[in-house]
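# Overview (structure and organization)
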Amino acid sequence: MSTIVTSSAATGASGTTYVSGLSGFDSSALIEAAVEAKMAPAYRLDVQIEALEAEAAAYAEMSGLLDDLGTAAQALSSDTEESAYASYAAYLTAPALDDPTAYMAVTVTEEAELGVYEITIDQLAQAMKVAAAEQATGTALALEGSFTLAADGYAGAEIAVDGEMTLSDIAAAINAASADTGVTATLVRTSNSGSTLVLSAADTGVSFTAEAASGDDVLAGLGLTDSEGAFANQVQAAQMAQVTVDGITVTSSTNEIEDLLPGVSLNLYAATAGETITVEVGQDLSAVRDAVEAFVDAFNAYRTFAITQQATGDDGASDAAVLFGETTLKSANAALYDVIETTVTVDGTTYALADIGLTYTAGNMLGIDDDALEGALLQHPEVVEALFASRADTDSADLGVGKLPAGVASGTYQVDVTYDADSGEITGASIDGVALEVSGASLVGAEGTAFEGLRLVYTGTADASVELTVSQGLADVMMAMVETYADDSDGLVTAKIESLDASVEAKQDRRDEIAERAAAYEGDLVEYYARLEQAIAAADIALQQLQALLDTDDD
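Since the structure is predicted, the reported quantities are computational estimates derived from the model, not experimental observations.

Next up on the list: the overall build of the chain. In terms of helices and strands, the chain carries ten helices and 32 strands. Taken over C-alpha atoms, the radius of gyration comes to 44 Å for the chain, far larger than the 24 Å a tight globule of 555 residues would show. Dimensions along the principal axes, computed over C-alpha positions, put the chain at roughly 150 × 85 × 55 Å. Looking at the 555 residues of the chain, the share that counts as buried comes to 40%. In the chain, the share of contacts with a sequence separation of at least 24, taken over all contacts with a separation of at least 6, comes to 69%. Carbon and sulfur atoms make up 48% of the accessible area of the chain, which totals about 28200 Å². Once the 16 positive and 92 negative side-chain charges of the chain are each reduced to a mean point, those two points are 18 Å apart.

Written as structure tokens, this is what we have:
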């Protein structure tokens with residue numbers, strides 16, 4: 001009796017198909033084991049690539065958090081066009097009034113100048129109003145005619161009335177023409193069956209007139225005018241707003257007085273009845289406080305990241321501590337604490353962050369003592385600014401500082417200016433021997449130098465040598481530190497990410513080469529075992545035929 005050996009088809013990664021099982025052994029498993037052995041180095045590279053990518057991602061997160069910290073610091077630095085210190089606000093006080101903000105609101109823009117002003121609101125601007133006699137509500141008034149309406153400054157319009165119109169219809173006709181007349185109409189229900197028409201000027205501080213034009217005297221019929229054509233019941237006269245500022249009387253047709261002072265506008269709500277409101281235009285302390293809080297939040301966000309990267313478990317670094325022991329992270333953390341420990345001297349007294357209410361909490365996070373910060377902002381705002389923003393002073397009134405970038409280190413520098421009296425022009429300038437670019441009266445630090453971005457202004461008319469003293473604030477130092485690590489072009493963290501990315505790319509190329517060779521090897525094995533299986537199959541067939549012959553002979 002013959003024996004039948006079953007078979008199955010198998011396909012390798014190369015696409016080659018062969019028959020497995022005729023030989024009685026699993027050639028598919030043999031091929032798979034051989035290919036896996038070839039792929040072992042690739043799998044090790046996969047693990048390495050995954051680790052490198054995780055490290056690069058962690059450094060990218062670190063760079064982003066440092067950038068956020070630098071952005072928060074910039075708002076408190078001297079190197080910004082929108083410094084928190086340049087924002088102004090108005091502070092209102094009035095001992096004789098319960099709430100001065102109930103009488104007026106003050107808006108301050110960047111054009112405002114610091115100062116204190118005494119303001120009395122003598123009267124508000126009012127719109128002229130007149131009332132008609134009561135008429136039956138919803139009843140046709142049987143008036144046939146027209147009248148004209150016009151407020152000061154408006155072209156006016158003629159309002160036509162027919163006998164079928166009710167008081168509500170007349171009001172609607174007046175309102176339809178208000179863009180031309182500057183007058184609006186409202187109805188006031190004055191009894192169960194009657195309403196009163198009230199005409200108002202659309203603008204405060206202006207008067208309006210009304211005259212009969214044709215047909216019935218509609219105005220007299222409504223009770224708006226008397227027998228002489230004058231308004232019968234003027235409810236409210238037109239009135240200009242009037243305020244007194246430091247003894248000077250100011251009038252306005254509206255209760256919104258724009259640019260009463262440079263950059264200072266008022267919204268009037270009520271007269272002060274002779275009482276005075278003191279308006280102090282000063283630094284917007286809330287803007288500075290918000291900037292300080294944003295800085296603390298950004299610092300703590302980075303600290304949270306750093307703590308995670310330093311976390312340990314029973315077997316060493318925790319799984320989340322991808323950058324555990326990395327020197328770039330360690331050096332950045334050390335540099336960060338050096339910056340936070342920055343102190344400044346103001347009027348002979350040295351100050352640190354703790355002096356304005358910023359102290360370390362658990363995990364070396366920064367915490368804010370609200371009362372201490374509020375006190376520092378109210379009593380010593382110059383100290384808060386000096387702690388964060390760099391300062392520059394010169395020993396000559398002829399040399400001023402237009403812009404002080406964060407990159408200029410603390411120290412005393414000598415600025416030399418050469419002036420040509422004949423032409424009246426500056427012909428050359430330098431700072432500590434480094435040439436400055438001259439543009440009119442401006443002396444600008446050249447790109448690529450230690451003074452890049454510095455702008456000085458010289459107003460003298462002779463050669464001069466002036467000392468420039470720079471004291472770097474914490475925010476400016478922080479910005480420089482962040483740039484060292486997170487700059488897009490040459491930051492240390494950026495360089496680390498680029499190096500890791502290059503390693504990933506090289507390992508991926510190597511991994512791809514191994515996989516390609518393994519695939520080729522698999523193809524060779526598939527072909528080899530296919531030929532082997534075919535040979536075995538042919539031998540099996542010959543054996544079965546021979547066995548069949550032998551079995552026949554036995555019979």
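Having seen the structure, we can now continue with the description.
The next thing to look at is the packing of helix H1 (residues 27–74) against helix H5 (residues 285–309). For the pair H1 and H5, the least separation of the axes is 8 Å and the interaxial angle reads 165 degrees. Regarding the angle of H1 to H5, the classification is roughly antiparallel. H5 is crossed by H1, and the crossing has left-handed handedness. Of the residues in H5, those touching H1 at Ala 58, Glu 61, Met 62, Leu 65, Leu 66, Asp 68, Leu 69, Ala 72 and Ala 73 are Ala 294, Phe 295, Ala 298, Phe 299, Ala 301, Tyr 302 and Phe 305. Residues belonging to the contact of H1 with H5 are distributed by class as follows: 14 nonpolar, no polar and two charged.

Within the secondary structure, Thr 225 is located in the loop between helix H4 (218–222) and strand S13 (234–236). Overall, the relative accessible area of 8% leaves Thr 225 in the buried class. Within the local environment of Thr 225, its side chain forms a polar contact with the backbone nitrogen of Ala 220, the two atoms lying 3.4 Å apart. Residues contacting Thr 225, with those up to four places away along its chain left out, are Asp 217, Leu 219, Ala 220, Ala 230, Phe 231 and Ala 232.

Moving on, we get to the side chain of Asn 300. Within the secondary structure layout, Asn 300 lies in helix H5. At a separation of 2.7 Å, a polar atom in the side chain of Asn 300 contacts the main-chain amide nitrogen of Leu 366. Filtering out sequence-adjacent residues up to four positions away, Asn 300 remains in contact with Met 365 and Leu 366.

Further remarks concern the confidence of the model for the chain. With 94% of its residues at a pLDDT of 70 or more, the chain shows a mean pLDDT of 90. Taken element by element, the predicted model of the chain shows its lowest mean pLDDT in strand S2 (residues 17–20) (51) and its highest in strand S6 (residues 129–131) (98). In the model, residues 1–7 has pLDDT below 50 throughout and makes eleven contacts with residues more than four positions away in sequence or in other chains.

A separate point is the pattern of salt bridges. Enumeration over the complete set of coordinates arrives at six salt bridges. Here Arg 511 ties to Asp 46 by a salt bridge, and the two come within 2.8 Å at their closest N and O atoms. Of this pair, Arg 511 sits in helix H10 (residues 492–554) while Asp 46 is found in helix H1, placing the two residues 465 residues apart along the sequence. Judged by relative accessible area, Arg 511 falls into the buried class, the value being 18%.

Pairing is antiparallel across the open sheet formed by five strands, whose spatial order is S3-S18-S5-S14-S15. The open sheet is flanked by strand S3 (88–93) and strand S15 (248–252), the only strands paired with a single partner. Each neighbouring strand pair of the sheet contributes to a mean axis angle of 30 degrees, computed without reference to strand direction. Sheet analysis places strand S14 (residues 241–245) next to S15, joined by five bridges and oriented antiparallel. Opposite Thr 244, over in S15, you have Thr 249 as the bridge partner.

The rules behind these values
Residues numbered from 1 in each chain as written. Predicted model: local features only at pLDDT ≥ 70, side-chain atom pairs only at ≥ 80, totals over all residues. Heavy atoms only, no water. Helix = DSSP H or I, 4+ residues; strand = E, 2+ residues; numbered from the N terminus. Rg over C-alpha atoms; globule rule 2.2 N^0.38 Å. Buried < 20%, exposed > 50% of the residue type's maximum accessible area, 1.4 Å probe, protein only. Contact = heavy atoms within 4.5 Å. Areas by Shrake-Rupley, 256 points an atom, 1.4 Å probe, with all protein chains shown as cover. Lys, Arg positive; Asp, Glu negative; His and termini not counted. Charge placed at Lys NZ, Arg CZ, Asp CG, Glu CD. Axes fitted to C-alpha atoms, helices over the stretch in contact; angles between N-to-C directions. Parallel < 35°, antiparallel > 145°, perpendicular 65-115°, else oblique. Left-handed = near helix turned anticlockwise from the far one by under 90°. Nonpolar A, V, L, I, M, F, W, Y, C, P; charged D, E, K, R; others polar. Polar contact = N/O pair within 3.5 Å; in protein donor to acceptor, adjacent residues only side chain to side chain. pLDDT = per-residue confidence, 0-100. Salt bridge = Lys/Arg side-chain N within 4 Å of Asp/Glu carboxyl O. Pairing = 2+ DSSP bridges.

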